[in-house]
Amino acid sequence: MNKLISSALIRQRLQTHYEPGEAVWLTRVVCHEILGQSMTDYYLGKDIALSANKETELENILIRLCQYEPIQYIQGKARFLGRDFHVAPGVLIPRPETEELVERIVRETPAGANVLDIGTGSGCIGISLAMSVKDAQVTAWDISSEALQIARGNARTLGAEVRFVQCDVLTVQPGADEHYDVIVSNPPYVTEHERTTMEPNVLKWEPSLALFVPDDDPLRFYRRIADLGRQLLVPDGYLYFEINQAYGKDTAEMLYECGYTSIQIGKDLSGNDRFVWCQH
């Protein structure tokens, strides 16, 4: 015998751990995307008939959500620029701000460009560029073997041609014949003291390796990538960063001291300094 359950009951359960707006969003995802309820029935407030197996699945999902596990990890996927990317706790969940950065690069990058994505994670940046910039040749670096396994799987699933390389950007010594028209990176940029302001679903579940930098060296990765860019970028090549909103001016000044030109700071849709781009 199927058991009837309402979206209101699911929402009430989630509101014990989440703000009301987020609880509503999570309830909609659970009802529609996981349990298969139509959006019409969801908005009409109709009950969902669950088999015993589905009831057990729902209970497990709610337990995981109440432990602040991100819904994207539970589903095993995240949407990025209209494509589904497999995600797991070994990679960051792609953010809408990063979509804005990729859209800018797509607009500004000519066909056939040679592109390097540093710290690729799920591969969302490199794969999206490979699929959106005509004839682009994309290389993607990451230090994590787990991340690269996920990124390679995403490239296969989506049909993207990307060359993945495992390396530590802080120590890598690229070959003298390696050159790129575009380098892009969304490196770790959250300082240790910012841990106290972070949501538990990020702090408890997303990989610290991809998030945090020391308080006394917040530009560690930007400085190193800027240094590599002087070696790897062709003349007039472009360097794009996603940044910590608190360090936009510092990042721009560092790039100026490194000899980069046409340095610009861009805001995300929330009005925060979120991107820096420049030319070699």
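## Concerning the overall build of the protein
Okay, step 1: When helices and strands are counted, the protein shows 11 helices and 13 strands.
Okay, step 2: Taking 19 Å as the expected radius of gyration for a compact globule of 280 residues, we find that the protein reaches 21 Å, a close match to that expectation.
Okay, step 3: Principal-axis analysis of the C-alpha atoms gives the protein an extent of 70 × 40 × 30 Å.
Okay, step 4: Looking at the 280 residues of the protein, the share that counts as buried comes to 49%.
Okay, step 5: Taken as a whole, the protein presents about 13700 Å² of accessible surface, with 49% of it coming from carbon and sulfur.
Okay, step 6: Measuring between centres, the 26 positive side-chain charges of the protein sit 5 Å from its 39 negative side-chain charges.

## Things to note about the side chain of Asn154
Okay, step 1: Along the chain, the position of Asn154 falls in helix H8 (residues 145–158).
Okay, step 2: Setting aside chain neighbours within four positions, we find Asn154 in contact with Phe85, His86, Ser122 and Ile127.

## Digging into the packing of aromatic side chains
Okay, step 1: Across all of its chains, the model carries 5 aromatic pairs by this definition.
Okay, step 2: Centroid distance Phe80 to Phe85: 6.0 Å. Interplanar angle 90 degrees. Geometry classified as edge-to-face. Take Phe80 and Phe85: they sit in the same class, and that class is buried.
Okay, step 3: Seen from their ring centres, Tyr238 and Tyr240 are 5.9 Å apart, and the 25 degrees between their planes marks the pair as stacked.
Okay, step 4: With a relative accessible area of 0%, Tyr240 lands in the buried category.

## Quick look at the sheet that holds strand E12 (residues 261–267)
Whether parallel or antiparallel, the strands of a sheet pair through hydrogen bonds between backbone atoms.
Okay, step 1: Overall, mixed pairing links the 7 strands, which are arranged E7-E6-E5-E8-E11-E13-E12 in an open sheet. One side of each edge strand has no neighbouring strand; the edge strands of this open sheet are strand E7 (162–166) and E12. Pairwise comparison of adjacent strand axes, ignoring direction, gives a mean angle of 15 degrees for this sheet.
Okay, step 2: Sheet topology places strand E5 (residues 114–118) next to strand E8 (residues 180–185); 4 bridges connect them, and they run parallel.

Conventions used here
- Residues numbered from 1 in each chain as written.
- Predicted model: local features only at pLDDT ≥ 70, side-chain atom pairs only at ≥ 80, totals over all residues.
- Heavy atoms only, no water.
- Helix = DSSP H or I, 4+ residues; strand = E, 2+ residues; numbered from the N terminus.
- Rg over C-alpha atoms; globule rule 2.2 N^0.38 Å.
- Buried < 20%, exposed > 50% of the residue type's maximum accessible area, 1.4 Å probe, protein only.
- Areas by Shrake-Rupley, 256 points an atom, 1.4 Å probe, with all protein chains shown as cover.
- Lys, Arg positive; Asp, Glu negative; His and termini not counted.
- Charge placed at Lys NZ, Arg CZ, Asp CG, Glu CD.
- Contact = heavy atoms within 4.5 Å.
- Phe/Tyr/Trp six-rings, centres within 6.5 Å; stacked < 30°, edge-to-face > 60°.
- Pairing = 2+ DSSP bridges.
- Axes fitted to C-alpha atoms, helices over the stretch in contact; angles between N-to-C directions.

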